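# Geometric and topological summary
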Amino acid sequence: MVNKGIKKLYTFLIFLFLYAPIIVLIVFSFNDSKSRGVWAGFTLKWYVELFKDAEILKALYNTFLIATLSTIISTILGTFAAIGIFNLPGLNKKIALNLNYLPVLNADIVTAVSLMALFRFLKMEFGFATMLLSHITFCTPYVVLSVLPKLKQMNKHLAEAAMDLGATPFYALRKVIIPEIMPGIITGGLMAFTLSIDDFVISFFNTGNGVSNLSIEIFSMTRRGINPVINALSTLMFVGMLIMLLIINKRTEKNELERGV
Amino acid sequence: MKTKKSILFIALVLIVGVIASGCGDSRPSINVYNWGDYIDKSVIKDFEDEFDIKVNYSMYSTNEDLYVKLKQGGSSYDVVFPSDYMIEKMTREGLLAKLDKNNVPNINNVDEKFFNLDFDPSNEYSVPYMWGTVGIIYNKTMVDDVVDSWDILWNKKYEGQIFMLNSQRDTLAVALLKLGYSMNTRDINELEEAKQELINQRPLVEAYLGDEVKDAMVGGEAAFAVVWSGDAVAMIRDNPDLEYVIPKEGTNLWFDNMVIPSTAKNKEGAEAFINFMCRPDIAARNSDYIGYSSPIPEAIELLPDDIKNSKVAYPSDEEIENTEIFKDPADIISEYDRIWTEIFSD
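Notes on the structure follow.

Parameters at a glance
Residues numbered from 1 in each chain as written. Chains lettered and ligands numbered in written order. Predicted model: local features only at pLDDT ≥ 70, side-chain atom pairs only at ≥ 80, totals over all residues. Heavy atoms only, no water. Axes fitted to C-alpha atoms, helices over the stretch in contact; angles between N-to-C directions. Helix = DSSP H or I, 4+ residues; strand = E, 2+ residues; numbered from the N terminus. Parallel < 35°, antiparallel > 145°, perpendicular 65-115°, else oblique. Left-handed = near helix turned anticlockwise from the far one by under 90°. Contact = heavy atoms within 4.5 Å. Nonpolar A, V, L, I, M, F, W, Y, C, P; charged D, E, K, R; others polar. 1 Å grid on protein atoms, 1.4 Å probe; cavity = no way out; pocket = protein on both sides within 12 Å on 5 of 7 lines; lining within 4 Å. Points joined across faces, edges and corners; volume = space filled by probe spheres on them. Core = buried A, V, L, I, M, F, W, Y, C linked by side-chain atoms within 4.5 Å. Buried < 20%, exposed > 50% of the residue type's maximum accessible area, 1.4 Å probe, protein only. Pairing = 2+ DSSP bridges. Right-handed = clockwise from strand over helix to strand, strands pointing away.

## Regarding the packing of helix H2 (residues 41-51) of chain B against helix H9 (residues 267-277) of chain B
Residues and elements named next belong to chain B. Two elements in contact, H2 and H9, have axes separated by 11 Å at closest approach and are oriented at 125°. Taken as axis vectors, H2 and H9 run oblique relative to one another. Relative to H9, the crossing made by H2 is right-handed. Contacts between H2 and H9 involve Val43, Asp46, Phe47, Glu50 and Phe51 from the first element and Gly269, Ala272, Phe273, Phe276 and Met277 from the second. Here the contact of H2 with H9 is composed, by residue class, of 7 nonpolar, 1 polar and 2 charged.

Rendered as structure tokens:
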């Protein structure tokens, strides 16, 4: 009995630790004062102001546009790269794998500054394009890493069997290999998406006039205090994620029922 | 099959979206780069409507960030808002373009006392945007002594009741002024003495804070803090027990100014923007939103009474007589860095 109580307490404390910051943030998004120090009554004004704030909405738009585009592109690039690397012979495979690890382990700031140097060297105008390219650059290795284990798990004779039965290599890729490694591709894509939304350092160094994302926008507020509008925005993003998660769970449940699992 | 179609559809929508957003606006444009949350955004909209110029607005958080962006090149900004010492540095390195004052007639609205300051001796490059002082904010319910000197921050009675700024120049300046030296001193011995003062003070200091100091003071967490006057106005509004003092030894007078980088692509547009920002009604709206002090007397008249008459935002000439403006330490900046590190190293 005592044991069970301790278990419950432990779980509760862990979740409190994880969610306390978010709860505070949500509560203060309804605070009638600009200060985070005092509670001055309930208001919805920050939500109203959020939808009137063209700059923040534009930053939000840029954030999601770049996240979506870089996810789509890096997922495609990464998946094919993973299949290619997987089929390389011995030493070459090792070299390619390590070259893929390097950008993952490398510090963000090094990636950021070196990308900046590259774009300058190529005389590119800094802006949306350079930011998108840099996001694709740092997302792709993660996709490769999440697809590779799925390829390892796959029965390597599957594709051969398909081709024996008359499938062209491309048909076998589409109908056999890709569906087999789909969970890896989805994980990689999700990882790319969240990494892209999260990133500040690389975005900051590789964007130009007039193009900013949420992380840059929020960071630039630190001298004068984070505007509570950001609390409202973060609350909405959190609730959005929660709803998405619930829908996904519901759908997988339904699928499993239909397939009789 | 259905999911594939919907994915294709989403991709198509996105691509069209990107293309459409790229060529939606045919108006001429200017790129404005400002501090975060440092303008009333409705002002930008009004400027766009009135001059038919599109404003691409983005933000940074420190002078150093701005400097890196300008120095690195690759993107061009038309109007930026650096502080005093950074303007000195940028001018020296040829990063700024000279203003054509015929295009900025409203510069005459600016109070004469803010002209021809050391960092830009004949205002060839810059127009003041906001200004303020550094001082001590204290909680009247927690302090019985008279607060009129930096010395109070070294009073053992208030151990653990003091917040200092997590800012190298500002905190060193406090110690230098306490010792009666110039905060722009280039004398290594004076700097070493200031370092020792700050080391002695460290046990009394609760924390070295940035922007969080506002919430902490409003929440009554400590008796004293060193703050910028603009923030003090906001804090006093939230907690009337607080009071702001400019110590008698003097303090730092600071300016954020509008300048045009030498790489600007639309200099006329930039000058029109700067001119617009100096219009009294516009300057008043910005100052009201930000809470910092405007250098334009006619704008001050348009502000609500509590700010207009505020001794914090608009100290009398005598009160700011004893102030200095930061100079760029240029060649001895590494000494500053060393001293700042040593204060926290043992």
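Now that the structure has been shown, the text picks up again.
## As for empty space enclosed by the protein
Residues and elements named next belong to chain B. What the rule picks out here adds up to 6 cavities of 30 Å³ or more. Counted as a void, the largest cavity has a volume near 60 Å³. What lines the largest cavity is Pro128, Tyr129, Met130, Met258, Met277, Cys278, Ala283, Asn286, Ser294, Pro295 and Ile296. Looking at the lining of the largest cavity, the elements that each hand over two or more residues are strand S5 (126-139) and helix H10 (280-290). Sorting elements by how many residues they give to the lining of the largest cavity places S5 first, with 3 residues. Looking at the lining of the largest cavity, its residues break down into 9 nonpolar, 2 polar and no charged.

## What about the nonpolar core?
With 160 residues, the main nonpolar core has B:Phe81, B:Leu153 and B:Phe224 as its most contacted residues. Counting residues per element, this core draws most heavily on S5(B), at 8 residues. Apart from the residues lying within four places of it in its own chain, the contact partners of B:Phe81 are B:Val32, B:Tyr33, B:Asn34, B:Trp35, B:Tyr60, B:Tyr129, B:Asp256, B:Asn257, B:Met258, B:Phe273 and B:Met277. Counting residues in each nonpolar core, the second largest holds 6 residues, with A:Leu65, A:Ile66, A:Leu132 and A:Ile136 among its members.

## Examining the side chain of B:Ser287
When you line up the elements, B:Ser287 lands in helix H10. Ignoring anything within four residues of it in the chain, the contact list for B:Ser287 reads B:Met130, B:Tyr292, B:Ser293, B:Ser294, B:Leu303 and B:Tyr314.

## Comments concerning the pairing of strand S2 (residues 54-60) of chain B
All names here are of chain B. Across the 7 residues that make up S2, a large majority, 6, are buried. Sheet topology note: the strand S1 (residues 29-35)/S2 ladder contains 7 bridges and is parallel. Residue pairing in the sheet places Tyr33 in a bridge with Ser58 of S2. The parallel pair S1 and S2, bridged by H2, forms a crossover whose chirality is right-handed.

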